[in-house]
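These are the residues of each chain, in order.
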Amino acid sequence: MPLTIRSAVPEDEPGVVELWRACGLVASYNDPAADFRFAKAGACSDVLVGEDEAGRISGSVMVGHDGHRGWLYYVASAPHARGNGIGRHMVQAAEEWLRQRGVVKAQLLVRETNTKVVSFYEQLGFEVAPRVVMGKWLDKPE
Ligand SMILES: CC(C)(COP(=O)(O)OP(=O)(O)OC[C@H]1O[C@@H](n2cnc3c(N)ncnc32)[C@H](O)[C@@H]1OP(=O)(O)O)[C@@H](O)C(=O)NCCC(=O)NCCS
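This text gives an overview of the structure that appears in the document. (Residues numbered from 1 in each chain as written. Predicted model: local features only at pLDDT ≥ 70, side-chain atom pairs only at ≥ 80, totals over all residues. Heavy atoms only, no water.)

**Comments concerning the site of the ligand**
Piece 1. Taken together, 20 residues are adjacent to the ligand, and Val-75, Ser-77, Gly-85, Arg-88 and Asn-114 come closest.
Piece 2. Taking Arg-88, its side chain carries an N or O atom lying 2.5 Å from an oxygen atom of the ligand.
Piece 3. A distance of 3.3 Å is found between a nitrogen atom of the ligand and a side-chain nitrogen or oxygen belonging to Ser-119.
Piece 4. When the free accessible area of the ligand is taken as 930 Å², the share hidden by the protein chains comes to 71%.
Piece 5. A total of four residues in the shell around the ligand trace back to one element, the largest contributor, which is helix 4 (residues 118-123).
Piece 6. Of the residues assigned to the shell around the ligand, the class counts are nine nonpolar, eight polar and three charged. (Near = heavy atom within 4 Å. Polar contact = N/O pair within 3.5 Å; in protein donor to acceptor, adjacent residues only side chain to side chain. Areas by Shrake-Rupley, 256 points an atom, 1.4 Å probe, with all protein chains shown as cover. Helix = DSSP H or I, 4+ residues; strand = E, 2+ residues; numbered from the N terminus. Nonpolar A, V, L, I, M, F, W, Y, C, P; charged D, E, K, R; others polar.)

If you want it as C-alpha cells, here you go:
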C-alpha cells in the first residue's frame, strides 16, 4: 500500500484524533487533541502521519525523546488497512526520526490489556524489558 509519511500539520488534528479513537488508543484520562498539540509544540517530539493514495490518514506515531531514550506513543494503523505494512512503516519512520537526533534506543509502553500487540513489536526487533514502570500524576486530569 503506497504510503506517504510526513510530520503532521495542525490541519491533520481531527483526522489523527479520529484514527486514534478508531484504534482504541484514547484512554479516559487522555485528551487526544491536547496530546497532539503538545507533541507538535515540543522541540523534542513530533507526530508522524502516514497518508494513503486518497489522502486519508491511515497511520500514525507520536515520537519523542527525553534527552536519553526515545519513546513511541499512539502507534496506529487504520482498522480497514491492517496487515499491509502501515504499522511497520510508522514504527520505522519513528526510529529514523530518533536516529537522526542521535538517540540510540527506542522504547514504548504496552497497556496490560493490549498484550497481543507485543508480537507485532517483536517482529520489528523490540524485546520485552523486565522493568517496573512507576508513575505519578503531577496534575491529575478531571
Ligand atoms: C498494531 C498495529 C499498529 C499493527 O498495524 P499493521 O499495519 O496491521 O501492521 P503491519 O501490517 O505493519 O505488520 C507488521 C508485522 O507485524 C505483524 N503483525 C501485525 N499485527 C500483529 C499482531 N497483532 N500480532 C502479531 N503480529 C502482528 C504482521 O504480520 C507483520 O509481519 P510481516 O512483516 O512478517 O508480515 C495495528 O494493529 C493497530 O493500529 N492496532 C491498534 C492500536 C494499537 O494497539 N497500537 C499499539 C499501541 S502500544
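**Considerations on the layout of surface pockets**
Where empty space is left can be seen by rolling a probe of water-molecule size over the atoms.
Piece 1. Space inside the second largest pocket adds up to approximately 170 Å³.
Piece 2. Lining of the second largest pocket is provided by Asp-12, Gly-15, Glu-18, Leu-19, Ala-22, Glu-51, Gly-55, Arg-56, Ile-57, Ala-78, Pro-79 and His-80.
Piece 3. Looking at the lining of the second largest pocket element by element, the count peaks at four residues for helix 1 (residues 13-22).
Piece 4. The residue makeup of the lining of the second largest pocket, split by class, is five nonpolar, three polar and four charged. (1 Å grid on protein atoms, 1.4 Å probe; cavity = no way out; pocket = protein on both sides within 12 Å on 5 of 7 lines; lining within 4 Å. Points joined across faces, edges and corners; volume = space filled by probe spheres on them.)

**Some points on the environment of Gly-85**
Piece 1. With respect to the helices and strands, Gly-85 occurs in the loop between strand 4 (70-77) and helix 3 (86-100).
Piece 2. The exposure class of Gly-85 is buried, given its relative accessible area of 13%.
Piece 3. As for Gly-85 and Leu-3, which are separated by 82 residues in sequence, their C-alpha atoms are 9.4 Å apart. (Buried < 20%, exposed > 50% of the residue type's maximum accessible area, 1.4 Å probe, protein only.)

**Let's talk about a nonpolar patch on the surface**
Piece 1. Judged by side-chain polarity, Tyr-73, Leu-109 and Val-133 come together as a nonpolar surface patch covering roughly 310 Å² of accessible area.
Piece 2. With respect to the secondary-structure elements, Val-133 resides in the segment after helix 4.
Piece 3. Under the relative-accessibility criterion, Val-133 is labelled exposed at 59%. (Patch = residues over 30% accessible without salt bridge, like charges linked within 9 Å, V, L, I, M, F, W, Y side chains within 5 Å. Salt bridge = Lys/Arg side-chain N within 4 Å of Asp/Glu carboxyl O.)

**Section: unusual backbone geometry**
Piece 1. At Tyr-74, a residue that is not glycine, the phi angle is positive and equals roughly 50 degrees.
Piece 2. Assignment of secondary structure puts Tyr-74 in strand 4.
Piece 3. With relative accessibility at 12%, the residue Tyr-74 sits in the buried group.

**Looking at the sheet that holds strand 2 (residues 45-51)**
Piece 1. With mixed pairing, five strands are arranged side by side in an open sheet as 1-2-3-4-5. If you trace the sheet from one side to the other, it starts and ends with strand 1 (4-7) and strand 5 (106-108), each paired once. For this sheet, the mean angle separating the axes of adjacent strands, direction not counted, is 30 degrees.
Piece 2. Note: strand 3 (residues 57-65) against strand 4, six bridges, orientation antiparallel. Across the sheet, the residue bridging to His-65 is Gly-70, located in strand 4.
Piece 3. Sheet contacts for helix 1: strand 2, strand 3 and strand 4; angle to strand 3, the most-contacted strand, approximately 95 degrees.
Piece 4. Along the sheet, helix 2 (residues 32-41) contacts strand 1, strand 2, strand 3 and strand 4; its crossing angle with strand 2, the most-contacted strand, is approximately 110 degrees. (Pairing = 2+ DSSP bridges. Axes fitted to C-alpha atoms, helices over the stretch in contact; angles between N-to-C directions. Contact = heavy atoms within 4.5 Å.)

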